[in-house]
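The lines below spell out each chain.
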Amino acid sequence: MIDIGVNLTNTRFDKDRDELIARAKSAGIRAMLVTGTNISESHKALQLSAQYPDYLYTTAGIHPHDADNVSDNYLDDIRLLAKNKAVKAIGECGLDFNRNFSTPKQQEKVFAEQISLAAELQLPLFLHQRDAFPVWFQLLSPYLTAVPAMVSHCFTGNENELNQCLSAGMYIGITGWVCDERRGEPLQALIPSIPLDRLMIETDAPYLTPRSIKPKPKSSRNEPSYLPYVIEKLAQLYQCHSDDIINATSENARKVFNLGER
């Protein structure tokens, strides 16, 4: 299993980060991609990956929530981070018009600049999108063949959005959202439409703890060792064996993120 989205620098992991990583290894997680959400967090992710070579890899980028706070030279900062072989994608970047922690105009500017940077550096894009699909897809469209790969992280969209992403050649990241018997039902219905060669799995820890965990964990904090619950639900929806999900998603992650090369 490869977890392509873990916010491992989050302060909720400060007390037991090493133990958490050990639990992930024991659960069968073979590699993790630590998410960078701004320059500071991207640096922290890279430092963490150096402690676990050939196990932790990272992204480097600016989350839309942080778009208002970028420095004038933030692109140079990302470019410098990306010189490290542990950095496997630009992101998490995109648009979030649900919360608008940054202004939509600035979100679009920073997102567009990172798309262009991914094309320049020939790195995949690790993408965020919430309540902004038309503008998000419009900004990405000119680069569909210019960027090595695009991963729609934590996909929770509708059928039309899924079809557009798949037609554009994107990979689809699925989280514990799919295990939610309440809000995850629409996504569950779409899962069989995602070809296995486009599927990726992620926890987005510490967020989106699978609600299918029994007994329910004492802490609401999600962690990579819970990834098997996402796989279990996906296998049920695809009506296949869990190993089929593990093998396909692991191969996709290795290919897209060039894992194993530092």
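In this report, we go over the structure that sits alongside the text. (Residues numbered from 1 in each chain as written. Predicted model: local features only at pLDDT ≥ 70, side-chain atom pairs only at ≥ 80, totals over all residues. Heavy atoms only, no water.)

## Remarks on the overall build of the protein
Scanning the protein for helices and strands turns up nine helices and eight strands. For 262 residues, the compact-globule estimate of 2.2 N^0.38 gives 18 Å, and the protein sits close to it at 17 Å. Expressed along its principal axes, the backbone C-alpha trace of the protein runs to roughly 50 × 40 × 30 Å. Expressed as a percentage of the 262 residues in the protein, the buried residues total 56%. (Helix = DSSP H or I, 4+ residues; strand = E, 2+ residues; numbered from the N terminus. Rg over C-alpha atoms; globule rule 2.2 N^0.38 Å. Buried < 20%, exposed > 50% of the residue type's maximum accessible area, 1.4 Å probe, protein only.)

## A look at the sheet that holds strand β5 (residues 125-130)
If you trace the eight strands from one edge of the open sheet to the other, you get β1-β2-β3-β4-β5-β6-β7-β8, paired in parallel fashion. The sheet terminates laterally at β1 (2-6) and β8 (199-201), the two strands that pair on one side only. Mean inter-strand twist for the sheet, computed between neighbouring axes without regard to direction, equals 30 degrees. Relative to strand β7 (residues 171-174), strand β6 (residues 150-152) runs parallel, the two sharing two bridges. What sits directly across from V151, in β7, is Y171. Sitting on the sheet, helix α5 (residues 133-140) touches β4 (87-96), β5 and β6, and the angle it makes with β5 is about 155 degrees. (Pairing = 2+ DSSP bridges. Axes fitted to C-alpha atoms, helices over the stretch in contact; angles between N-to-C directions. Contact = heavy atoms within 4.5 Å.)

## Digging into the nonpolar core
Counting residues in hydrophobic clusters, the biggest one holds 73 residues, and the most contacted among them are L8, L125, W136 and I174. In terms of residue count, helix α8 (residues 227-238) provides more of this core than any other element does, seven residues in total. (Core = buried A, V, L, I, M, F, W, Y, C linked by side-chain atoms within 4.5 Å.)

## Quick look at the pattern of salt bridges
Counted according to the given criterion, the structure contains 13 salt bridges. A salt bridge links K44 to E41, with the nearest nitrogen and oxygen atoms 3.2 Å apart. Taken together, the positions of K44 and E41, both in helix α2 (residues 39-51) and three residues apart, correspond to about one turn of that helix. You can call K44 partly exposed: its relative accessible area is 40%. In this structure E41 comes out as buried when scored by relative accessible area, which is 17%. Measuring nitrogen to oxygen at the nearest pair gives 2.9 Å for the salt bridge that ties R79 to E120. (Salt bridge = Lys/Arg side-chain N within 4 Å of Asp/Glu carboxyl O.)

## Structural notes on α8
For α8, with twelve residues, the first-to-last C-alpha span of 17 Å sits near the 16 Å given by 1.5 Å per residue. The secondary structure elements touched by the buried residues of α8 are β1, β7, α7 (185-190), β8 and α9 (242-257). Of the residues trailing α8, Q239 is marked for its positive phi of about 55 degrees. (Expected span 1.5 Å × (residues − 1).)

## Here's the deal with unusual backbone geometry
Apart from glycine, the bulk of residues carry a negative phi angle, and the bulk of peptide bonds sit in the trans form. Of the consecutive residues G91 and E92, the connecting peptide bond is found in the cis state with omega at 10 degrees. Here the amide bond leading from A205 into P206 is cis, since omega sits at 15 degrees, within 30 degrees of zero. Its location among the elements puts P206 in the loop between β8 and α8. If you check the backbone angles, Q239 has positive phi at about 55 degrees while not being a glycine. Relative to the helices and strands, Q239 is located in the loop between α8 and α9. Positioned with a positive phi, N258 is a non-glycine residue whose angle comes to about 55 degrees. As for its placement among the helices and strands, N258 is situated in the segment after α9. On the basis of relative accessible area, N258 is assigned to the partly exposed category, the value being 38%.

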